[in-house]
Structure formats: structure tokens, C-alpha cells
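Spelled out, the chains give:
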Amino acid sequence: MTKEADQTAIPAPHEGEPYLLTPGPLTTAYSVKQAMLRDWGSWDDDFRAMTKQIRRALLSMIDDPEQLYDCVPMQGSGTFAVEAMLGSLLPRDAKALVLANGAYGLRTAKTLACLGRAHTVIDKGDYLPPRAEEVTRALEADPSITHVVAIHCETSSGILNPIEEISKATYTAGRKLLIDSMSAFGAIPLSSQSIEYEALVSSANKCIEGVPGFGFVIAKKSTLQAAKGCSHSLSLDIYDQWATMEKTGQWRFTPPTHTIAAFAEALRQHSAEGGVEARGARYRANRDVLVEGMRKLGFETLLQDRWLSPIIVTFFNPAHQNFDFQTFYDLMKSKGFIIYPGKLTVVDSFRIGCIGQLDDQVMRQVVSAAAQSLNEMGVDSAQAPLAAYTEREKLTAE
Ligand SMILES: *Cc1c(COP(=O)(O)O)cnc(C)c1O
């Protein structure tokens, strides 16, 4: 089976295994699953070399010629890594401005509350983007704010937040930025040459297309140095993990060895595909085929094109009386596709992810499966309820 034979077609997952149209865990390559069929000693040189290589490959994605940054992997799901970043890199006397427009922004605020870090929140609701002017105003109004925490792609709505203007506003005001780039890193450029930030956080099972089990923080070395003794937690201490890894090449506590081996393979695939740019291009093509096809069926997207990320798309549930999300979900699953419920508070919605081992061919099949499912439910129009259009009007102002 040669890859050259067919450059674009991605092999289907195992027979009977549905595609995961969810933003992590997601559908991984067969070779990534295969990489887990081996046990590793965490102390062994080969494993240490793998850790080193992973850190280096991740750093190569941020375009850092002066080597100002370093990469610190951390066991656990993405949220563990976010908590590790916040608890370790925000000094105890820091005050954070959290830019929230969905579940992950709110989770960050909750984490800061748990950690006892001073913070204030700009909450834009379900999906409206935080803009530079409001960041500037908030920073002017409160000189005690030292850091801004932003979500790159807010996965709960699928909005791609304007991280570049947020970064500019932050550093123009002399403050520092931490980015949750969980669902964007690896597919959406975050070059340290064009966007300034102290640190970003992401995880194994999003755009790099690995399996779940660890996250990683990429931070300025100066920020890591300054983080000594800052963490509230032993296991989530980014400084200590970094210092130990630098010294011994090892993770501090048992690492998810199989996940890491799978991730090393996922990184090889990422690079073979053409890196961040090519990965982003495939996801954009996935999104474009999906959105165009679903709109043809009458579905409405929550977001206007300008704010649609290539990661995940929110669609309004059709207003039709025969539409029922659970039934739709089950019908889609029976056709081989796992979709995702929505997270909006005002209007019912569902989400379809564009990331993972999927290409435009698969997305065409997703659209036909949606058409068939509507048909089987007796839904002849996917038109959204009136409230959805009222909701969408709000975005026009942005
Ligand atoms: C996935 C994700 C997280 C982490 O979620 P886990 O379920 O803990 O892996 C955090 N922030 C964003 C924006 C995400 O998409």
C-alpha cells in the first residue's frame, strides 16, 4: 500500500468503526493506532529520544529562529495542561483578563477561580468574538491586570477568534498573553514572528491527530524560568516538568507511553502532509465542502463565513416538527458518522468537526448521510427557526 499511489484519498477507519466528526478524540490514521502496539520503558534512551523529538517537532511549528521558546509536555487531557499553564505561568499576584465566548473561555475563568488567581472576564456570550478595542478598553480601565488569556478557536461554537488583534492590543498595553490554542494548533499558524505570546497550550488529540493522553505548553524560556515555585500543584507544575525534562530527558511521573509513541507517528504524518499549512488547507477544504453541502440542504450555520473556523462548524437544528436531534444522531451514526451536540444556550444546534483523518470525499458522504437522515425522519426542510436568524443578526454588528 503506497501513499504515492493515491495522494488525497484517506483510507476509511476500520470496518464498522464510524468516523468521528468530533474535535478530539478524532479519527486517527491507521499508522498512528499501529504505533501503540509496542511497550516502552519510560526511562529508556529510545523513549527519551522520542520525547525530545516530539518537543522539537512541536517547536518547529511556531517559527522561532532565536529559540526563545521551549515545549513542555504534560500528562492528562487538554484541560489538565490548561490548568498547568495557568497555575504555573501566572504569578500568584497576577491578575488575568479572560476573553470568553463559549464553554472553554468560561472553563478558564473557573480554573482561575479554583486556583485563587485574581481575574476578570469579558463574556461575549455563546459566540461573539472578543475584539481588540474592548481588550484595550478593559486594560486601560484596570491597570492591575497583568495578563490576558484568550481562546484561539472556541470549539464550543467553532469561532476562530481574532488572536492577532488581541495579541497586538495586549502587548500595546504592556501586558502579556496566554493562548488556549487547543483545537487550532497544528492547523492554524501561530508563528511567534507574527503573533506575540508568552505561552500557548494544546493537546495530542486535536489538529496533530494523535490519541488522547497528554497536552503541551509552548512558552518563552524566560517565562518558564520565572515560573519556578509558582505552581499550586506538584503534578501540574510546568516549571518542574520542564526543569526535570531538561536535566534527565524524562517525564516526572509515569508518561502515557503508547500515546506518546502514537503522537510521534502523528507528527511524522503531519510533516509528510506538508505541516501546518497543508493540514490547515485540508481542514478548510473539509469545511467548505461540508458548509456548502449542508447549506444546499437548507441548514444554516451559526456563524457567518468570516468567523467560521476550519475546525468545527455549528449548524442550527431545523425548525421542522419532525426533527429530533437524538434521532438524527442515531441515523448519522448508522451511516458511519458520529456528530456532536451543540453547546449554544439560546437556540438548539449541533456541530460537525472537520479535523482528523477526513478529506473532502468523506465530507461529501457526510452531507449525503445528512440528506438521507432528514429524509428518513420526514423532514422536508432544514430551515432554522426564526430565533436563529435573530441570533445571527448580532454578529453582523461585529
Ligand atoms: C479540547 C479543548 C480543551 C481541552 O479539553 P479536554 O477535554 O480536557 O481535552 C480546551 N480548550 C479548547 C478550546 C478545546 O477545544
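Keep in mind that this is a model prediction, so the values were computed, not measured. (Residues numbered from 1 in each chain as written. Predicted model: local features only at pLDDT ≥ 70, side-chain atom pairs only at ≥ 80, totals over all residues. Heavy atoms only, no water.)

Tallied over the entire structure, the rule returns 16 aromatic pairs. Residues phenylalanine 216 and phenylalanine 263 carry aromatic rings whose centres are separated by 6.1 Å and whose planes lie at 45° to one another, so their mutual orientation is tilted. Residue phenylalanine 216 is found in strand 10 (residues 214-220), and its partner phenylalanine 263 is found in helix 9 (residues 257-273); the two are separated by 47 residues along the sequence. On the basis of relative accessibility, which here comes to 0%, the residue phenylalanine 263 falls in the buried class. An aromatic cluster of three or more residues is present, and its members are Phe299, Phe315, Phe323, Phe325, Phe328, Tyr329 and Phe350. It is arginine 38 that lies over the ring of tryptophan 40; its NZ or CZ is 3.8 Å from the centre. (Phe/Tyr/Trp six-rings, centres within 6.5 Å; stacked < 30°, edge-to-face > 60°. Helix = DSSP H or I, 4+ residues; strand = E, 2+ residues; numbered from the N terminus. Buried < 20%, exposed > 50% of the residue type's maximum accessible area, 1.4 Å probe, protein only. Lys NZ or Arg CZ within 6 Å of the ring centre and 35° of its normal.)

All right, on to the pattern of salt bridges then. For the coordinates displayed, the defined rule picks out 22 salt bridges. The closest approach of N and O atoms between aspartate 240 and arginine 252, which form a salt bridge, is 3.3 Å. With aspartate 240 in helix 8 (residues 238-248) and arginine 252 in the loop between helix 8 and helix 9, the pair connects residues that are 12 residues apart, well separated along the chain. Taking relative accessible area as the criterion, arginine 252 reaches 13% and is therefore assigned buried. With a closest N to O distance of 3.4 Å, glutamate 292 and lysine 296 form a salt bridge. Within this pair, glutamate 292 and its partner lysine 296 are both found in helix 10 (residues 275-296), separated by four residues, close to a single helical turn. (Salt bridge = Lys/Arg side-chain N within 4 Å of Asp/Glu carboxyl O.)

Glancing now at the domain arrangement of the protein. By the assigned domains, the protein splits into domain 1 (3-27 + 275-396) and domain 2 (31-271). Distance between the C-alpha centres of domain 1 and domain 2: 27 Å. Counting residues at the interface gives 34 residues for domain 1 and 33 residues for domain 2. Taken together, the two surfaces of domain 1 and domain 2 that pack against each other cover about 2600 Å², and 58% of this comes from carbon and sulfur. For domain 1, the biggest contributors to the area lost against domain 2 are Val276, Arg279 and Trp307; these three give 25% of the whole. At the surface where domain 1 touches domain 2, the tally comes to three salt bridges. A salt bridge links glutamate 209 to arginine 282; the shortest N-O distance between them is 3.0 Å. The tally of links between domain 1 and domain 2 comes to 15 residue pairs in polar contact (both at pLDDT 80 or more). Element by element, the count of residues in the side of domain 1 that touches domain 2 is highest for helix 10, at six residues. Split by residue class, the side of domain 1 that touches domain 2 holds 16 nonpolar, eight polar and 10 charged. (Domains from an automatic or database assignment. Contact = heavy atoms within 4.5 Å. Buried area = accessible area lost by both parts, 1.4 Å probe. Polar contact = N/O pair within 3.5 Å; in protein donor to acceptor, adjacent residues only side chain to side chain. Nonpolar A, V, L, I, M, F, W, Y, C, P; charged D, E, K, R; others polar.)

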